[in-house]
Amino acid sequence: IADINGDGLQEIVIPFDDFNSGGLQLRAFGGDGSILKTWALTGVNNSSTNFDGAATIGDFNQDGTTDIAVAYMLSAPNVFPGAVTILDTHSPFVAANNDWPMVLQNVRNNPVLLRQSASTLTVALASGSNPSVVGDNLVFTATVSPNTGTGSVQFMDGDTPISGSIALSNGAASFTTSALALGSHSITARYTGDNQLSPSTSAAFTQSVAKDSASVAVNLTAGSNPSLEGDSLTFTASVTPSAATGTVTFFDGGTPISGDLPLVGSSASITTSALSPGTHSITVQYSGDATFNAATSLAFLQTVNPPKANVSISVRLNPTTHSPTFGDSLTFTASVVPAAATGTVTFFDNGTPISGGIAVSGGTASVSTSALAAGTHSITAQYSGDANFNEATSAVFSLSVAKARTTVTLTIAAGDDAFKAGTPVTFVATITPASASGTVTFFDGASAISGPVPVNGGSASFVTSTLASGTHFISAQYGGDANFSASSSTALKVKVK
């Protein structure tokens, strides 16, 4: 029994008579029954080998390698004294010389005779923590003593291999893993041994793998704080790290206000309008999962106030008996009841704001304007509400604004003092107020002598040279516009020679 191929494992060497080839052989068998090597044992002095043969192991030439000595009988045809052949187990096989020792040398020059010394093996955690958390990167190192050992080690978790065969380097080998599951692990290493050191197994190194810690926070993501009774409030729980799974449960004090809500993207939300007036301590409990521990959030304090009271608001015109025309300054007053209400009031005309927010004082707010056009107006007031009172909108206050009166003054342009037939005459109609727009038509008696002439800057002019000899009564009629009423001038008597 010897290590024939230098792999640190023993092989069996036996004489073997191959009757088919008619010669005695020596064969080395591995642990799996395979033939690792065959030597042909030839005869001497023209004699053939006999079946009998015996082998022994030794380092006969003291070169540090294993040799095999074989003694066997010769026959030709009678039995003659035998021969002794010495074989070097590590010489490469060469058919020409049948692998005889003393001819070929062991190029590896390593001792293979199994005179092993005892080895010891230890396993330690070289990188990482103990206990670690699921997913941590851990480096285990196995160290053989003495550190001259070659060969390899394999790491085990209990009876389960967790590494392949890892070659020793300077008497040590390392294995890195992040796959250890939650719980306690008995990490050992097995050393194969070599030609100098015996195989060994380390004592167990206990590595504990625990769950990582998670944190959870709760915030108000929709609604206000403080809020009013009946307001819709959305609370959101966020769990860190984002890889956490599981569920969360919301609590108001010690009372659950939700069921177990699954995390989606590391968060979950609840919406409620059932919180009563007072201060509420909203917390979230995270269930934990296979990787992360359970956790409870800090309290989020939500203040809920009683519901606001309603107010009534109305609009009136000051003075109420005034019949306005375009351009009049009008004052609208909104009355808010109860008078304790604060906040602002905004006035609208047919839905269009005619004021900004006007502060309520003593239950009223007023706005003055002279910009209301002639026509019908629907005036409303919207109350903003405050900490104690709800918003409100008044009923419509209907108001008719009449067109403003106008006057027309007709004159003849300066220089037109000789009224002779065929001579151009310029008539100028002046409209008061000057902001009036529209047109003016000029008449000679009841007959129009012009078309509509646009008013520009409060006046309109018309030139004619068609007045016949005689007396003419010239007048100007203003047609009015959206905000100003129509009017006519007095007749201007004009004699034409």
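Here, every reference points to the structure presented above.
Notes on the structure follow. Within every chain, residues take consecutive numbers counted from 1 along the sequence as written. It should be noted that, the model being predicted, local features are given only for residues of pLDDT at least 70 and side-chain atom pairs only at 80 or more, the latter also being counted only at that level, while totals for whole chains, interfaces and linings use all residues. Where side-chain values are given, they derive from all heavy atoms of the structure, hydrogens and water being excluded.

1. Let's talk about the nonpolar core
Then step 1. Among the nonpolar cores identified, the biggest contains 22 residues, and Ile313, Phe332, Val345 and Tyr383 are the most heavily contacted of them.
Then step 2. Note on conventions: DSSP H or I runs of at least 4 residues are helices, E runs of at least 2 residues are strands, and numbering of each starts at the N terminus. When contributions to this core are tallied by element, the ones reaching two or more residues are β27 (312-318), β28 (330-337), β29 (344-349), β32 (364-369), β33 (375-383) and β35 (397-401).
Then step 3. It is β28 that contributes the most residues to this core, 4 residues altogether.
Then step 4. Pairs of residues are marked as contacts when any of their non-hydrogen atoms sit within 4.5 Å. Residues within four places of Val345 in sequence aside, it is in contact with Ile313, Ala334, Val336, Ser355, Gly356, Gly357, Ile358, Val360, Ala365, Ala381, Gln382 and Tyr383. Each nonpolar core is a collection of buried residues, namely Ala, Val, Leu, Ile, Met, Phe, Trp, Tyr and Cys, held together in the definition by side-chain atoms within 4.5 Å. With a 1.4 Å probe rolled over the protein chains alone, any residue whose accessible area is under 20% of its type maximum counts as buried; one over 50% counts as exposed, and the rest are partly exposed.

2. Digging into the pairing of strand β26 (residues 300-305)
Consecutive side chains of a regular strand alternate in pointing toward one face of the sheet and then the other.
Then step 1. Covered by surrounding structure in β26 are Phe300, Gln302 and Val304 only, the residues Leu301, Thr303 and Asn305 on the alternate face being uncovered.
Then step 2. Note on pairing: DSSP must find at least two bridges between two strands before they are called paired. Inspection of the sheet shows strand β18 (residues 227-228) paired to β26 by 2 bridges, in the parallel sense. In the sheet register, Leu228 faces β26, and the bridge partner there is Asn305.

3. Some words on the side chain of Ser475
Then step 1. Structurally, Ser475 is set in strand β42 (residues 470-478).
Then step 2. Those residues in contact with Ser475 that lie beyond four places of it in its chain are Leu410, Thr441, Phe442, Phe443, Gly445, Ser489, Thr490 and Ala491.

4. Remarks on the pairing of strand β16 (residues 205-210)
Then step 1. Judged by which residues are buried, β16 turns out to be one-sided: Phe205, Gln207 and Val209 face inward and are buried, whereas Thr206, Ser208 and Ala210, on the alternate face, are not.
Then step 2. Pairing of strand β14 (residues 183-191) with β16 involves 5 bridges; the strand directions are antiparallel. The residue bridging Ile187 from the neighbouring strand is Phe205, located in β16.

5. Digging into the environment of Asp231
Then step 1. Within the element layout of this structure, Asp231 appears in the loop between β18 and β19 (233-240).
Then step 2. Residue Asp231 is classed as partly exposed on the basis of its relative accessible area of 28%.
Then step 3. The spatial distance from the C-alpha of Asp231 to the C-alpha of Val304 is 8.7 Å, given a sequence separation of 73 residues.
Then step 4. When neighbours within four sequence positions are excluded, Asp231 is seen to be in contact with Thr272 and Ser273.
Then step 5. Within 3.5 Å is the distance limit for a polar contact, defined as a pair of N or O atoms, with the added protein rule that one can donate a hydrogen and the other accept it, and that residues adjacent in sequence qualify only through two side-chain atoms. A polar side-chain atom of Asp231 sits 2.8 Å from the main-chain amide nitrogen of Leu228.

6. What to know about the sheet that holds strand β37 (residues 425-432)
Then step 1. Taken in spatial order, the 3 strands line up as β36-β37-β41 in an open sheet, and their pairing is antiparallel. If you trace the sheet from one side to the other, it starts and ends with β36 (407-412) and β41 (459-464), each paired once. Here the average twist between neighbouring strands, direction ignored, is 20 degrees.
Then step 2. Relative to β37, β36 is paired through 6 bridges, and the arrangement is antiparallel. Each bridged residue has a counterpart across the sheet, and for Val408 the counterpart in β37 is Ile431. Helix axes use the C-alpha atoms of the stretch in contact, all axes being lines fitted to C-alpha atoms, and the angles between their N-to-C directions lie in the range 0 to 180 degrees.

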